[in-house]
Amino acid sequence: MSKTWRPATQLVHGGTLRSQYGETSEAIYLTQGFVYETSEAAEARFKGETEGFIYARYGSPTNDMFEKRMCMLEGAEDARATASGMAAVTAAILCQLKAGDHIVAARALFGSCRWVVETLAPKYGIDCTLIDGRDLANWEKAITPKTKVFFLESPTNPTLEVIDIAGVAKLANQIGAKVVVDNVFATPLFQKPLELGAHIVVYSATKHIDGQGRCLGGVVLSDKEWIDENLHDYFRHTGPAMSPFNAWTLLKGIETLPLRVRQQTENAAKIADFLAEQGKVAKVIYPGRKDHPQADIIAKQMTGGSTLVAFELKGGKDAAFALQNALEIIKISNNLGDSKSLITHPATTTHKNLTDEARAELGISPGTVRLSAGIEDTDDLIEDFAKALVKVSA
């Protein structure tokens, strides 16, 4: 496989393995185990003296193709495919920490991500400090002699804040800490955290990579040394492996990733501009707009906007519910990155477990709404919003 291939070509052909039958589409290897020609061959494989698969919990040919294709796209040396995005996040964080270690995390996180660092990790003696990640000074102030991991999303869920990944990575390198970036909202097409200095990247492949509402999946990407020393044994022994069927489904989804994300992003940008002109909308946050609070950082580290739009309605929760209930094309769902346009009220769904104060700190008001733009006709989506806004009380 050529390293000079561009993303659209990598995502169709990268990492492909073919059996003796020469199939066009990737094969699904639905098997738990593998057989060996001799006892000596089995011994050699378990010793790592010969290459090959041992058990589907450790890896399979179908998963291997998905991992290699993601590595090509991300510019990573190695990867492990997991059963879900949260399995990827949890593995990436816990595999490298022990009791007494310390995490610094941006407070603007998906609810389950925040639970992992704020609630789960402390149960194992791992401390966590949550900060406003937009200010590099906050990262520096939070460092302790025990700090081993910096964790962040950028853009963040759901308010699309953007964090200076290169700046955070520079601070981490000064103390020997690792930066873990959840890159879901940017997609690997618009942002390359490893090129910016991050050490580990995680994705919920459930989102844009599948992008068609079919299956769960996640992936952790890094350099081979880090994966061998930290993730490899954790992955083998705790069992968060992806199903080969899901890996095959994701391989099919990833082929069309550039086409879908391009249309989704165009739709999101036009909808953001439309919403910004509506009197019932208090504010719009979109990484492609010049009025985004971190527009200067976006210009440095992102090559595109996002498929997501965050906006706030003046009428609070009642207005948000009225809008969502009146939409015809756009569906209410907590998922994102789908070919179908989806809309979410974070305060009552994805971030409902946070306190009112915590949500306010993140900029999530009762009127905050998150849109995940799909691939439908742009004008139809804008008309859907226009008709729904009529039903919203001023």
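Quick notes on the rules
- Residues numbered from 1 in each chain as written.
- Predicted model: local features only at pLDDT ≥ 70, side-chain atom pairs only at ≥ 80, totals over all residues.
- Heavy atoms only, no water.
- Buried < 20%, exposed > 50% of the residue type's maximum accessible area, 1.4 Å probe, protein only.
- Helix = DSSP H or I, 4+ residues; strand = E, 2+ residues; numbered from the N terminus.
- Pairing = 2+ DSSP bridges.
- Core = buried A, V, L, I, M, F, W, Y, C linked by side-chain atoms within 4.5 Å.
- Contact = heavy atoms within 4.5 Å.
- Axes fitted to C-alpha atoms, helices over the stretch in contact; angles between N-to-C directions.
- Patch = residues over 30% accessible without salt bridge, like charges linked within 9 Å, V, L, I, M, F, W, Y side chains within 5 Å.
- Areas by Shrake-Rupley, 256 points an atom, 1.4 Å probe, with all protein chains shown as cover.
- Salt bridge = Lys/Arg side-chain N within 4 Å of Asp/Glu carboxyl O.
- Lys, Arg positive; Asp, Glu negative; His and termini not counted.
- Charge placed at Lys NZ, Arg CZ, Asp CG, Glu CD.

Undergrad: Residue-level account of the pairing of strand S6 (residues 200–204), with values.
TA: By the criterion of burial, S6 is predominantly enclosed, with 5 of the 5 residues buried. The alternating pattern of S6 places Ile200, Val202 and Ser204 on one face and Val201 and Tyr203 on the opposite face, and all of these are buried. The sheet contact formed by strand S5 (residues 178–182) and S6 spans 3 bridges and is parallel. Within the sheet, the bridge partner assigned to Val180 lies in S6 and is Ile200.

Undergrad: I'd like a description of the nonpolar core, backed by residues and values.
TA: The tendency in soluble globular proteins is for nonpolar side chains to be buried side by side. Membership of the largest hydrophobic core comes to 33 residues, with the highest contact counts inside it found for Phe66, Met70, Tyr203, Ile209 and Leu221. Those elements that place two or more of their residues in this core are helix H3 (61–74), strand S1 (78–82), helix H8 (187–190), S6, strand S7 (218–222), helix H11 (244–254), helix H12 (257–276) and strand S9 (308–313). Core analysis: the second largest hydrophobic core is formed by 28 residues, Ala91, Cys95, Phe151 and Leu231 among them.

Undergrad: Can you break down the sheet that holds strand S11 (residues 342–344) residue by residue, with the values?
TA: Neighbouring strands of a sheet are bound in pairs by backbone hydrogen bonds; such pairs are parallel or else antiparallel. Read across the open sheet, the 5 strands follow the order S8-S9-S12-S11-S10; overall the sheet is mixed. Two strands close off the open sheet at either side, each with one partner strand: strand S8 (281–285) and strand S10 (331–332). Pairing of S10 with S11, which is carried by 2 bridges, proceeds in the parallel orientation. The partner of Ile332 across the bridge, within S11, is Ile343. Those strands touched by helix H14 (residues 316–326) are S9, S10, S11 and strand S12 (368–372), and its axis lies near 130 degrees from that of S9.

Undergrad: Could you give an account of a negative patch on the surface, naming the residues involved and the relevant values?
TA: A surface patch of negative charge is lined by Asp377, Asp379, Asp380 and Glu383. Within the fold, Glu383 resides in helix H16 (residues 378–390).

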